[in-house]
Amino acid sequence: MLKIENLHVEVGGRLLLKDINLEIGEGEVHVLFGPNGSGKSSLVMSIIGHPDYRIIEGRIFFKGVDITEKPVHERAKMGIGVVFQNPPKIYGVKLKDLINRIAGREGHSYDTLRIIDSLNIGESLLDRYVNVGYSGGEVKRCEIAQVLVMNPDFLILDEPDSGVDIENLELIGRELDRSLKDRSALIITHHGHILRYLKPTKAHVMLHGRIVCTGDPGRIFERIMSDGYRWCEKCSLMRRS
C-alpha cells in the first residue's frame with residue numbers, strides 16, 4: 001500500500017528526515033513511536049506532499065505508483081487520509097456543511113450518520129464553525145469523523161491520543177478499532193495510550209529523523225514504558241558504529 005525508499009527531507013535547508021525506509025502492506029496497521037521533535041510529524045507531511053517539505057533524495061510509492069512529485073490533492077484523491085495533530089480553526093464553515101461536502105451526495109448515508117453517532121458528535125457541534133471553541137477531545141473526534149467519512153484506503157493518524165481525556169480516548173479508540181479492520185494505517189504516537197484499543201501489526205521507533213528500531217508492537221511499547229527512549233538511543237548508536 002505504502003512504500004518509502006531511502007527518504008531524505010529538508011525544510012529551510014535543515015535536514016529533518018534521513019534514510020527513511022518503510023513498507024506498509026494492504027490491511028496492515030503500523031505504529032510509529034518517538035519523542036517530541038524526533039521527526040514523526042515531518043514524515044506525515046512528507047507522505048502527504050506538503051510543499052515546505054522538500055525531498056532531496058528517495059522515493060514514495062502508494063498503491064505501486066510513484067507519488068514523490070504529486071501534489072497534496074492528487075494524493076488525497078488516490079486514497080490517503082490524514083488526521084492532523086493540530087488542525088486549524090475554520091471560521092465561517094460549519095462542521096455539518098464540511099462533512100456533507102466531504103461525503104458528497106452520500107452526505108446523509110447510514111455510514112456517515114453512524115460515524116457521527118459513534119463519536120458522540122451532536123447537533124451543537126455540527127452547527128458550530130470547525131474547531132472554533134472546541135475542547136481538545138472535540139477537536140480530535142471531529143477531525144477523525146471528517147477523515148473517516150472520506151473513506152480513505154490508507155489512514156495516517158498523527159497523535160490521535162494527545163490532549164484527549166479518558167472518556168474521549170475511549171470513544172476515539174473504539175471507532176478507530178472498528179474502522180481499521182479493513183484498511184491500512186500508520187499511527188503516530190508519543191505515549192501510546194491509543195494502543196489500549198488498537199492492535200497494530202508492526203511498530204517502529206524514530207529518533208533524530210531516523211527509524212532506528214522495528215519489531216513487535218507489544219514488546220517495543222513495553223520497553224519504552226519501562227526504560228523510555230534511552231534504550232533506543234543505544235540501539236541507534238550501535239547501528240551507526
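How each quantity is defined
Residues numbered from 1 in each chain as written. Predicted model: local features only at pLDDT ≥ 70, side-chain atom pairs only at ≥ 80, totals over all residues. Heavy atoms only, no water. Helix = DSSP H or I, 4+ residues; strand = E, 2+ residues; numbered from the N terminus. Rg over C-alpha atoms; globule rule 2.2 N^0.38 Å. Contact = heavy atoms within 4.5 Å. Areas by Shrake-Rupley, 256 points an atom, 1.4 Å probe, with all protein chains shown as cover. Lys, Arg positive; Asp, Glu negative; His and termini not counted. Charge placed at Lys NZ, Arg CZ, Asp CG, Glu CD. Pairing = 2+ DSSP bridges. Axes fitted to C-alpha atoms, helices over the stretch in contact; angles between N-to-C directions. Buried < 20%, exposed > 50% of the residue type's maximum accessible area, 1.4 Å probe, protein only. Core = buried A, V, L, I, M, F, W, Y, C linked by side-chain atoms within 4.5 Å. Arc of directions from axis to C-beta. Polar contact = N/O pair within 3.5 Å; in protein donor to acceptor, adjacent residues only side chain to side chain.

Enquirer: Looking at this model, I keep getting lost on the overall build of the chain. Mind explaining?
Expert: When helices and strands are tallied, the chain shows nine helices and twelve strands. Taking 18 Å as the expected radius of gyration for a compact globule of 241 residues, we find that the chain reaches 18 Å, a close match to that expectation. By its C-alpha atoms, the chain is 60 × 40 × 30 Å across when sized along the principal axes. Residue pairs in contact within the chain that sit at least 24 positions apart in sequence constitute 70% of those at least 6 positions apart. Accessible surface computed for the chain: about 12100 Å², of which carbon and sulfur atoms make up 49%. On the chain, the mean spot of the 33 positive side-chain charges and the mean spot of the 33 negative ones are 3 Å from each other.

Enquirer: Is there a simple way to think about the sheet that holds strand S6 (residues 80-83) in this case?
Expert: Strand pairing in a sheet takes place through backbone hydrogen bonds and is either antiparallel or parallel in direction. Strand order in the open sheet formed by six strands is S6-S9-S10-S3-S11-S12, and the pairing between neighbours is mixed. Strands with a single pairing partner mark the edges of an open sheet, and in this sheet they are S6 and strand S12 (210-215). Neighbour-to-neighbour, the strand axes of this sheet turn through a mean angle of 20 degrees, independent of strand direction. Pairing of strand S3 (residues 29-33) with strand S10 (residues 184-189), which is carried by five bridges, proceeds in the parallel orientation. Residue Leu32 lies in a different strand from S10, and its bridge partner there is Ile188.

Enquirer: Whenever I open this one, the side chain of Gln146 confuses me. Can you help?
Expert: Here Gln146 lies in helix H6 (residues 136-150). The buried category is assigned to Gln146, whose relative accessible area is 10%.

Enquirer: In this structure, what is going on with unusual backbone geometry? I would like to understand it.
Expert: It is generally the case that most residues other than glycine have a negative phi and that most peptide bonds are trans. Phi is positive for Asn6, which is not a glycine, with a value near 50 degrees. The residue Lys63 is not glycine, and still its phi comes out positive at about 55 degrees. The topology assignment puts Lys63 in the loop between strand S4 (54-62) and strand S5 (65-66).

Enquirer: Looking at this structure, how should I read the nonpolar core?
Expert: Soluble globular proteins: nonpolar side chains tend toward being buried together. Core analysis: the largest hydrophobic core is formed by 44 residues, its most contacted members being Phe33, Ile121, Leu155 and Val205. Looking at this core element by element, the count peaks at seven residues for H6. When sequence neighbours within four positions are dropped, the list of residues in contact with Val205 reads Leu32, Phe33, Arg210, Ile211, Val212, Cys213, Ile220, Ile224, Tyr229 and Cys232.

Enquirer: Can you walk me through helix H8 (residues 217-227) in this structure?
Expert: Note: α-helices contain 3.6 residues per turn, so residues at a spacing of three or four share the same orientation. Along H8, the positions that sit buried rather than exposed are Pro217, Ile220 and Ile224. Angularly, the buried residues of H8 cover 75 degrees about the axis, an arc narrow enough to put them on a single face. Facing away from the buried side of H8 by more than 90 degrees, the exposed set consists of Arg219, Glu222 and Met225. The backbone nitrogen of Gly218 has a side-chain oxygen 3.2 Å away, supplied by the residue at the start of H8, namely Asp216. The first or second residue beyond H8 is Gly228, which carries a positive phi of 70 degrees.

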